[in-house]
Amino acid sequence: GYSYLQAMQEGLEIKFPILIDTPLSAIGKEMRNGIMQNFIDLINKNIQMTFFFTNSELTPDIFNLIKGYTSNFYEIKISEVDDGNAIDSLYERKKI
């Protein structure tokens, strides 16, 4: 799937945002940094990307790799205050 999206972007010279749900779910740990580096290369070509990571995918090394290329980062979790759902921005540290 990833190579198809990249071919569409480059071959047709059409720039459109890419949304990827669980981008590293079926990728072995030894390959994850390389896959994310490929996505960073696309970002450097002004292609907007949105990722929906699970907690097992977004390890500290992956977070540190992409942090410099992200404009916003949100974590969806159960609120400890009211037992409801909440979205926390890890950049702004406030609930929205």
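**Notes on the confidence of the model for the chain**
- For the chain, per-residue confidence averages 81 on the pLDDT scale, and 78% of positions sit at 70 or higher.
- Helix 3 (residues 60-66) holds the highest mean pLDDT among the elements of the chain, 92, whereas strand 4 (residues 85-89) holds the lowest, 62.

**Focus: the layout of surface pockets**
- Counted as a void, the largest pocket has a volume near 800 Å³.
- Only strand 2 (49-52) and strand 3 (74-78) provide two or more residues apiece to the lining of the largest pocket.
- It is strand 2 that contributes the most residues to the lining of the largest pocket, four residues altogether.
- For the lining of the largest pocket, the per-class residue count stands at 14 nonpolar, seven polar and one charged.

**Comments concerning the pairing of strand 2**
- Burial of strand 2 is one-sided: the residues Met49 and Phe51 facing one way are buried, the residues Thr50 and Phe52 facing the other way are not.
- Of the pairings in the sheet, the one linking strand 1 (residues 18-21) to strand 2 comprises four bridges and is parallel in character. Considered in strand 2, the bridge of leucine 19 is made with threonine 50.

**Examining helix 2 (residues 29-43)**
- The terminal C-alpha atoms of helix 2 lie 22 Å apart, and with 15 residues this matches the ideal 21 Å at 1.5 Å per residue to within 8%.
- When helix 2 is considered as a whole, its buried residues turn out to be Arg32, Met36, Phe39, Ile40 and Leu42. An end-on view of helix 2 places all buried positions within 155° of arc, on one side of the element.

**Here's the deal with the pairing of strand 1**
- Residues Ile18 and Ile20 point to one face of strand 1 and are all buried, whereas Leu19 and Asp21, pointing to the other face, are not buried.
- Crossover strand 1 to strand 2 through helix 2 is right-handed.

**Description of the nonpolar core**
- Counting residues in each nonpolar core, the largest one holds 12 residues, listed as Ile18, Ile20, Leu24, Met36, Phe39, Ile40, Leu42, Ile47, Met49, Phe51, Ile62 and Ile66.
- Elements that contribute at least two residues to this core include exactly strand 1, helix 2, strand 2 and helix 3.
- Looking at this core element by element, the count peaks at four residues for helix 2.
- Apart from residues lying up to four places away in sequence, isoleucine 47 is in contact with Gln9, Lys15, Phe16, Ile18 and Leu42.

Cut-offs and rules
- Residues numbered from 1 in each chain as written.
- Predicted model: local features only at pLDDT ≥ 70, side-chain atom pairs only at ≥ 80, totals over all residues.
- Heavy atoms only, no water.
- pLDDT = per-residue confidence, 0-100.
- Helix = DSSP H or I, 4+ residues; strand = E, 2+ residues; numbered from the N terminus.
- 1 Å grid on protein atoms, 1.4 Å probe; cavity = no way out; pocket = protein on both sides within 12 Å on 5 of 7 lines; lining within 4 Å.
- Points joined across faces, edges and corners; volume = space filled by probe spheres on them.
- Nonpolar A, V, L, I, M, F, W, Y, C, P; charged D, E, K, R; others polar.
- Buried < 20%, exposed > 50% of the residue type's maximum accessible area, 1.4 Å probe, protein only.
- Pairing = 2+ DSSP bridges.
- Expected span 1.5 Å × (residues − 1).
- Arc of directions from axis to C-beta.
- Right-handed = clockwise from strand over helix to strand, strands pointing away.
- Core = buried A, V, L, I, M, F, W, Y, C linked by side-chain atoms within 4.5 Å.
- Contact = heavy atoms within 4.5 Å.

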